[in-house]
Amino acid sequence: LGPGGAQAAILPRYRAAKVDMASSKAASGGAARGGGAGGGAGGAGGASGGAGGGDVMVTFGIHYATKYGEQVLVAGSTGALGAWAPHRAAHMAWSGGGWWTSTVAVPRGQKLEYKYVIRHADGVLHWEAGDNRVVEVDGVNGALDLRDEWKPSAGEAELYQRASFTDVVFRRDADTRAPAVAWGGNSRGKVTVRFQAVVPRVEAHHTVFVCGEHAALGGFDPAAALELSDATFPLWAGTAEFDAADFPLRYKLVVREGAGAGGAGGKDAGEVWWEYGDERTVQLESPAAHSAAVPAGASAAAAEGTRLIVPTIGYFRMPGRLWRGAGVAIPVFSLRSNEGMGVGEFIDIRGLVDWAVKVGLRMVQILPINDTCVYGTWRDSYPYNSVSVFALHPIYISLRRLGPLPEDLQARVDAAYESLNADASAPLDYEAVMGAKLPLLREVFKLKRVKTFASPAFRDFFESNKDWLSPYALFCTLRDITGVADPEKWGARSKITMEEVEELVAPGSLHYDAVAFWYFVQFHLHLQLLEASRYAAEHRVVIKGDLPIGVARFGVDAWLYPHLFHMDTQTGAPPDYFATLGQNWGFPTYNWEVMAKDNYAWWRRRLSQMAVYFQAYRIDHILGFFRIWSIPEHGVSGLLGKFSPSTPLWRDELEANGIWDLGRLTEPYIRDYHIGQSFGAHYHEAKDTYFDYHGDGVFTLKDAFSTEKKIAAALSDAADEWRRTALIGLRCNVCLLQDPADANQFHPRIEMEKTSSFSDLPDWEKAVLKRLYVDYFFKRQEGLWREKAMMKLPVMKSATNMLVCGEDLGMVPDCVSGVMSELSL
């Protein structure tokens, strides 16, 4: 990701889960493990020479069990922590008892943000999960001793810190939160302890307390315990002062019902929940006292002024079961109401939320809502063919939320509403709705354009979204001008760069008015969806979005970023009970190797856009992040697909098992009796029209019918469907697929045993191919697919704070459940 500035620009809240940086390898300085100091000397060097008069000596401590070859780093916003550049981060030294520490000087007056990082022996970095840690250094007098727990990227504790819970289910409104707790202490000779605990799983009428042995902590009486502030929820904080002789402090966290915001507790408080497990302790002595890498001046700084110890608890050990909730899944277009113009609109989500609250549901899941306008017909109603993964579909805009209109235009809008809502029981008429909305929107745009574009809200929206908004608007403009959405038919504009986009959409350019229309539409779609999302959150209902696995072949993303896709292949699914020929979705497959070079920036931008509106999302076809069913560009069905990536059958492997006649197994197996079985009374016509004869009853397809796509194009009439089906079946009558990229690699055709090409083989050859088939599909790929998923899914998860869910069916590899469990998906 590069130095901190670039990284922060891409991920302002979350750091990447894993990054491989050559510079990090070069700067590793050796591994540290067990009782050795390892690379600690380099880590403490950021503060060598002691603290200046305007500095605060900060000791970072993390309790973490390393594996051999791992190095613990602390990276952050200050120069001593590398300014977020991992190769300049402070190295931490082993201090015994499971603690790693590093002491650095931080200029007073800074708001320090930091995170812990594990550098593995191979140089790969693993950042801890969640938000950046924050310290208000300006309020600290003397020395600051931070004692943290590693924030895992999976598990119950991490799940509850996702936006679904912190921003919605357990949200705490700003106007009801307790005042923030100041940093630092004021009594010389005293030791101030700032207790911090991450406790998201508490209802709005619950408060967290520290209850301990010392009188300041209530003497283990919950009614007199130290109340923590929820000002920085889900991080709770509270301070108390102690004498040195009071240590070690013993305590536990307690959640009390009915207490909070000023301490309305006492004996009138409601139910009390103690965390389970052993008591927690705070020692007076810093873990860094046993480190060989404490810089000069740190001890003196600790002796002067006050000393602040900050133990941060990462997880409240909640007794009892996990939290449970239920939800409803429904497409937005199905939320028909009198408020909508013949279709469910974003504003109708509010009505669904009201209903969900009444019946006790906590989540609303919707289908994809991105623009899918390719053909201008009912085919565009398919919600998974995204023209842009960022733009919203115009069908969901409410014209009634665009402000007052002239009387004549308002009358036409009302008439369209009345006409399209006349029969509430009628199915959605996609073409009629789009045909009514777009012309009316264009007229509204002409009236409100100047005022809208001059508003601060629009300017902020445009600046934040212009990287996708400008090319999207240009794409829509060229599609409308040419009448086709296929850039290959746009002549000189079949390929485009961002520089060319900016030139073509500049104010005063030839088609700027047409481009600006789409700015206007997207701005109002944004406002209306954001309003619905905020309404749901205020009512503690999570909105869960849907992340389609593919993008439109004729769309903005494939047009602007063709290097991110394999345009010569198509995604789909192998055959199953519901689709005997498999599925061909037509989306180009992803070029994951290219995407990995910038740490999947396109995916991270896509998810960041979703996070504006959603607190959770469903990964459609999560198996696609393990492997995808890749179909050749000339395919129509899913029968000639193969899993990508996959470990193939090698020519040498096949020959070693006695399989030598590979032409017989890879070419369509067509004999005289096959033509008779497929065409019956039309045998002679079919034989002469579609096939070439090679003697001995052997036939091949003529060149005009040599691929599924050629067959489909030549026999496109409905009356020819049976002929088309018969020919495609014969074209797919093979046992093996030769890899187009390497003639020595082969892949078994899915459901090979159902083909006559297989059934006509001798028994010994069938037995060999069956054994290799089972090994290929169900054994040899597991390790590869797990590896590929673990390269992508952690980055997806760390890109935002949304709750990540995955769904799939069909041929689910054994490794999938393990990966999803490991990542808490």
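Here we summarise the structure given alongside this text.

**Overview of the overall build of the chain**
Counting secondary structure elements, the chain contains 25 helices and 36 strands. A total of 825 residues make up the chain; the buried ones form 55% of that total. Residue pairs in contact within the chain that sit at least 24 positions apart in sequence constitute 74% of those at least 6 positions apart. Carbon and sulfur atoms make up 53% of the accessible area of the chain, which amounts to about 34,400 Å² in all.

**Describing the environment of Val594**
Tracing the chain through its elements places Val594 in helix 14 (residues 592-596). Leaving out residues up to four positions away in the same chain, Val594 has contacts with His563 and Leu564.

**Things to note about unusual backbone geometry**
In the segment running from Phe233 into Pro234, the intervening peptide bond is cis, with an omega of 10°. Take Pro234: it is sitting in the loop between strand 14 (229-232) and strand 15 (235-242). The omega torsion of the bond from Ser644 to Pro645 falls at 0°, within 30 degrees of zero and hence cis. Relative to the helices and strands, Pro645 resides in the loop between strand 29 (642-644) and strand 30 (649-650). The phi dihedral of Asn599 is positive, around 55°, even though this residue is not glycine. For Asn599, the location among the structural elements is in the loop between helix 14 and helix 15 (601-611). Unlike most non-glycine residues, His621 shows phi in positive territory, near 60°.

**Remarks on the packing of aromatic side chains**
In total, this model carries 55 aromatic pairs according to the counting rule given. Here Phe691 and Phe699 contribute two aromatic rings whose centre-to-centre distance is 6.3 Å and whose plane-to-plane angle is 80°, an arrangement assigned as edge-to-face. On the basis of relative accessible area, Phe691 is assigned to the buried category, the value being 3%.

**Concerning the sheet that holds strand 30**
Sheet architecture is open: three strands sit in the order 30-35-34, paired in antiparallel fashion. The open sheet is flanked by strand 30 and strand 34 (736-738), the only strands paired with a single partner. Sheet analysis places strand 34 next to strand 35 (residues 745-748), joined by three bridges and oriented antiparallel. Of the residues in strand 35, the one forming a bridge with Leu736 is Pro748. On top of the sheet, helix 23 (residues 763-778) reaches strand 30 and strand 35; it is set at about 95° to strand 35, its chief contact.

**Re the sheet that holds strand 2 (residues 55-63)**
Spatially, the eight strands line up as an open sheet ordered 5-6-2-10-19-11-15-14, and their pairing is mixed. At either margin of the open sheet sits one strand with a lone partner, and together these are strand 5 (93-96) and strand 14. Averaged over all pairs of adjacent strands, the angle between strand axes in this sheet comes to 30°, irrespective of strand direction. Looking at chain direction, strand 2 and strand 10 (residues 143-149) are connected through seven bridges and run parallel.

So, how was this worked out
Residues numbered from 1 in each chain as written. Predicted model: local features only at pLDDT ≥ 70, side-chain atom pairs only at ≥ 80, totals over all residues. Heavy atoms only, no water. Helix = DSSP H or I, 4+ residues; strand = E, 2+ residues; numbered from the N terminus. Buried < 20%, exposed > 50% of the residue type's maximum accessible area, 1.4 Å probe, protein only. Contact = heavy atoms within 4.5 Å. Areas by Shrake-Rupley, 256 points an atom, 1.4 Å probe, with all protein chains shown as cover. Phe/Tyr/Trp six-rings, centres within 6.5 Å; stacked < 30°, edge-to-face > 60°. Pairing = 2+ DSSP bridges. Axes fitted to C-alpha atoms, helices over the stretch in contact; angles between N-to-C directions.

Read these as spatial facts, not as claims about activity.
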